[in-house]
Amino acid sequence: MLFTSYSIKNLTLKNRIVMSPMCMYACDDESGRVHDWHRVHYPSRAVGQAGLIVVEATAVTAQGRISARDLGIWSDEHIAGLSELTGLVHSHGSHIGIQLAHAGRKALVEGPIVAPSAIAFDEKSRTPEALTEEQIGEEIAAFAAGARRAKEAGFDVIEIHAAHGYLINEFLSPLSNKRDDAYGGDKDRRYRFLHDVVDAVKREWDGPLLVRISAHDYHPEGLTPDDYVDYARRLKAQGVDLIDVSSGAVVPAIPPNIGPGYQVRFARQLRSEAGIATGAVGLITEGAQAEEILQAGSADLIFIGRELLRDPYWPRTAAAQLGVKLDAPPSYTRAW
Ligand SMILES: Cc1cc2nc3c(=O)[nH]c(=O)nc-3n(C[C@H](O)[C@H](O)[C@H](O)COP(=O)(O)O)c2cc1C
């Protein structure tokens, strides 16, 4: 199954292997513009035959960067570099998505940082300013503008980053959202920011839409996969096509039982109970392991992170492990 095609809306991926979004911190200045590193890094994985490459967390506002060297999509000036990237990946036969992100209280940039509530991530982190309702509207508009620019730059897929304790995740979790207005208080109101972001993005973007979530807060008062079944149903009702299921990092809790495929069970639960397509991610490194996840019906797509940093041609490695013949890029036919 790993090497069968997969369709989302009007898009058909040539296989189920997705390069997971991974920050490269590789902009050579603070402009957020695509750099030579990105021009080599992403197309290499297209040569390696990944079906979909999701570009790293790309900031919808300058204050929403994880670091000053993050990629950005907060200005029309970013479109040219991102277009170059989509063109390069397309010319090597893969599809390309972008992860739209806002780091919230985890932003490591000069100036004020923002969050739903004025609570620092940990004792070493700065205390963010709580967003006003007006500012919340501006952040939602920034995600929509990011989606418009992603479309203009030729991306095939948008993934909204609602995981890992960044801004959207901070709104969802009761550990970081202590508001008592329309954007916090109970489950419905904590969901509202993500709801509004999805709606605003969909007004600009009618292509495949993914949302990455952290399905477990690993904290006694935090969210669990059962809570995310409800959120996944809501996302499905809003027209989200697939949930990319990660976990943790809204608070500094270490997930227990970190090991091969430790997050796959969350993808499985959301897929079966919310009836939405899922992507599995986290310590998936072997072809047979990926195949088993798909065969078991735990997920529709397999997101590969670090193994694709170690081995840009991991699809070839996995195909060899599974005894599948994978077409080589023409120039590599004699070596594949
Ligand atoms: C260098 C690096 C940067 C990452 N940056 C992002 C990111 O930008 N967005 C995101 O959602 N996850 C990010 N992650 C998490 C990965 O996408 C992936 O979920 C995680 O590494 C687990 O998968 P793996 O075991 O296959 O690496 C990053 C991970 C690494 C190692």
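Our structure is the block above this text.
Residues numbered from 1 in each chain as written. Predicted model: local features only at pLDDT ≥ 70, side-chain atom pairs only at ≥ 80, totals over all residues. Heavy atoms only, no water.

Student: Where do I start with the pattern of salt bridges in this structure?
Tutor: Between side chains of opposite charge, a pair can form when the charged atoms approach closely. Following the criterion strictly, the structure yields 18 salt bridges and no others. Salt-bridge contacts for R33 lead to E77; the nearest nitrogen and oxygen are separated by 3.8 Å. Pair noted here: R33 is in the loop between β3 (17-19) and α1 (36-47) and E77 is in the loop between β4 (52-59) and α2 (79-91), with a separation of 44 residues, a long-range link. Exposure remark for E77: the relative accessible area of 57% places this residue in the exposed category. Connected via shared salt-bridge partners are D76, R148, R149 and E152. (Salt bridge = Lys/Arg side-chain N within 4 Å of Asp/Glu carboxyl O. Helix = DSSP H or I, 4+ residues; strand = E, 2+ residues; numbered from the N terminus. Buried < 20%, exposed > 50% of the residue type's maximum accessible area, 1.4 Å probe, protein only.)

Student: What am I meant to see in the site of the ligand here?
Tutor: With respect to spatial proximity, 15 residues lie near the ligand, and among them S20, P21, Q99, L283 and R306 are the closest. One nitrogen or oxygen atom from the main chain of P21 is found 2.7 Å from an oxygen atom belonging to the ligand. The contact in question runs from an oxygen atom of the ligand to an N or O atom on the backbone of G305, over 2.9 Å. Burial of the ligand by the protein amounts to 81% of the accessible area it has alone, namely 610 Å². Counted by class, the shell around the ligand contains seven nonpolar, six polar and two charged residues. (Near = heavy atom within 4 Å. Polar contact = N/O pair within 3.5 Å; in protein donor to acceptor, adjacent residues only side chain to side chain. Areas by Shrake-Rupley, 256 points an atom, 1.4 Å probe, with all protein chains shown as cover. Nonpolar A, V, L, I, M, F, W, Y, C, P; charged D, E, K, R; others polar.)

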